[in-house]
Amino acid sequence: MVTTTANGARFMQNFLDGMPPVVKDSDLWPWPWLADHPDLWVTGLDFTIALLGILLVHEFGHYFACKAHRIKATLPWVLPAPTLSGTAGAVIQIRSRIPSKNALMDVGIYGPLAGYIASALAVAVGFTLSVVAPADPPAAIVRFGSEPLTIRLLHDLLLQWDPQIPPFDQITPHPVLVAGWIGLFITSLNLIPGGQLDGGHVLYSLSPKLHRFMTNVLPFILFLMGAVFWVGWILWGIFLMVPAMRHPKVPANTELTGGRAILGVIALAIFALTFTPTPFYNSSLMHFLHFDPFTVMH
């Protein structure tokens, strides 16, 4: 709560000043500013409640699925970080074997499903609290990329209630909207279909062979995406290559029952609704290397 509220206070100050969330380096490292303005720390609570609420809802989705299948699991741990959003995410630790594909599907899907609903709610509330961006706002050093389908759909829905709500790319986002965007982004990352990510659990429960294939192929796809769209995909590609990300075996003699294959379709739909190849503009490896393939070809 300390670290997320600190960053949330900077986001709130920029929002009140009509600026994007991150316009200078001090927005990513708010501690000297907070030392001079300690009374403003509490203004970051809106961001903290929204973001930590999303993370905890996501992890409790996993937790209660574990409990339903009598799988030993810890309560959620929320990991602090001194910069960016103020948190490195949240995790639970599973301390016993997953007994069946049904259990694996439930554990894999109910976290991102719950987190998606919480994130969508935060985005909707954040839209209503946000304002139109000024005609000539200062340049942001961190620019949100193309918005995922969920943000577009929610904006279209909210327009029926209030036609004055501006689109995402013309808005000064309230910190609650920033938290909702982060929640959608985290959901899409978790649903990458490989390794021990949530999407990997879902895919393994449907087809262990397809899971093995995707886990081997995905790093190379992510490396390419990192070069063209967002350099962070390279880190996720490396992450999937770590031996600890290999999926533990689930009893092969168990099959999905009770219509759980439909949950795999729901997971795919949520991934499509939250994923964007360019979560941040001007952040590809080629951009950082100042490489323009069209100039080279010319």
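Up top you'll find the structure we're talking about.
> Can you lay out the packing of aromatic side chains for me, pointing to particular residues and giving the numbers?
Ring pairs (aromatic) are described by centroid distance and by the angle formed between their planes. Scanning all chains against the criterion turns up 17 aromatic pairs. Considering the side-chain rings of Phe60 and Tyr63, the 5.7 Å spacing of their centres and the 85° angle between planes classify their relative orientation as edge-to-face. Taken together, the positions of Phe60 and Tyr63, both in helix H4 (residues 45–68) and 3 residues apart, correspond to about one turn of that helix. Aromatic side chains Tyr63 and Phe64 sit 5.4 Å apart centroid to centroid with 75° between the ring planes, which places their arrangement in the edge-to-face category. Relative accessible area serves as the criterion here: at 13%, Tyr63 is assigned to the buried category. Chaining the aromatic ring pairs together yields one cluster made of Phe127, Phe144, Phe168, Trp181, Phe185, Trp230, Trp233, Phe271, Phe275 and Phe280. Positioned above the aromatic ring of Trp33 is the side chain of Arg10, whose terminal nitrogen or guanidinium carbon lies 4.5 Å from the ring centre.

> Explain the pairing of strand S2 (residues 87–91) residue by residue, including any values.
In regular strands, side chains alternate between the two faces of the sheet. Pairing between strand S1 (residues 77–80) and S2: 4 bridges, direction antiparallel. Pairing of Pro80 across the sheet is with Thr87, part of S2.

> Lay out empty space enclosed by the protein in plain terms, naming residues and giving numbers.
Over the atoms a probe the size of a water molecule is rolled, and this reveals where empty space is left. In this structure the tally under the stated criterion is 1 cavity of 30 Å³ or more. Taken as a whole, the largest cavity spans an internal volume of roughly 30 Å³. Considering the residues around the largest cavity, the lining is formed by Pro148, Trp181, Leu184, Phe185, Thr274 and Thr276. The element contributing the most residues to the lining of the largest cavity is helix H7 (residues 175–190), with 3 residues.

> With reference to specific residues and values, describe the side chain of Thr172.
For Thr172, the position within the fold is in strand S4 (residues 171–172). Residue classification places Thr172 among the buried residues on the basis of a relative accessible area of 2%.

> Any chance you could break down the nonpolar core for me, citing the residues and the numbers?
One broad trend across soluble globular proteins is that nonpolar side chains are buried collectively. Core analysis: the largest hydrophobic core is formed by 53 residues, its most contacted members being Phe127, Trp181 and Ile192. When contributions to this core are tallied by element, the ones reaching two or more residues are H4, helix H5 (101–129), helix H6 (149–159), H7, helix H8 (198–206), helix H9 (208–228), helix H10 (232–241) and helix H11 (261–274). Residue contacts for Ile192: discarding those within four places in its chain leaves Leu197, Gly199, Gly200, Leu218, Trp233, Trp236, Leu240 and Phe271. The next biggest cluster of nonpolar side chains, apart from the first, holds 11 residues, and it includes Ala65, Ile71, Tyr204 and Val250.

Cut-off values and rules
- Residues numbered from 1 in each chain as written.
- Predicted model: local features only at pLDDT ≥ 70, side-chain atom pairs only at ≥ 80, totals over all residues.
- Heavy atoms only, no water.
- Phe/Tyr/Trp six-rings, centres within 6.5 Å; stacked < 30°, edge-to-face > 60°.
- Helix = DSSP H or I, 4+ residues; strand = E, 2+ residues; numbered from the N terminus.
- Buried < 20%, exposed > 50% of the residue type's maximum accessible area, 1.4 Å probe, protein only.
- Lys NZ or Arg CZ within 6 Å of the ring centre and 35° of its normal.
- Pairing = 2+ DSSP bridges.
- 1 Å grid on protein atoms, 1.4 Å probe; cavity = no way out; pocket = protein on both sides within 12 Å on 5 of 7 lines; lining within 4 Å.
- Points joined across faces, edges and corners; volume = space filled by probe spheres on them.
- Core = buried A, V, L, I, M, F, W, Y, C linked by side-chain atoms within 4.5 Å.
- Contact = heavy atoms within 4.5 Å.

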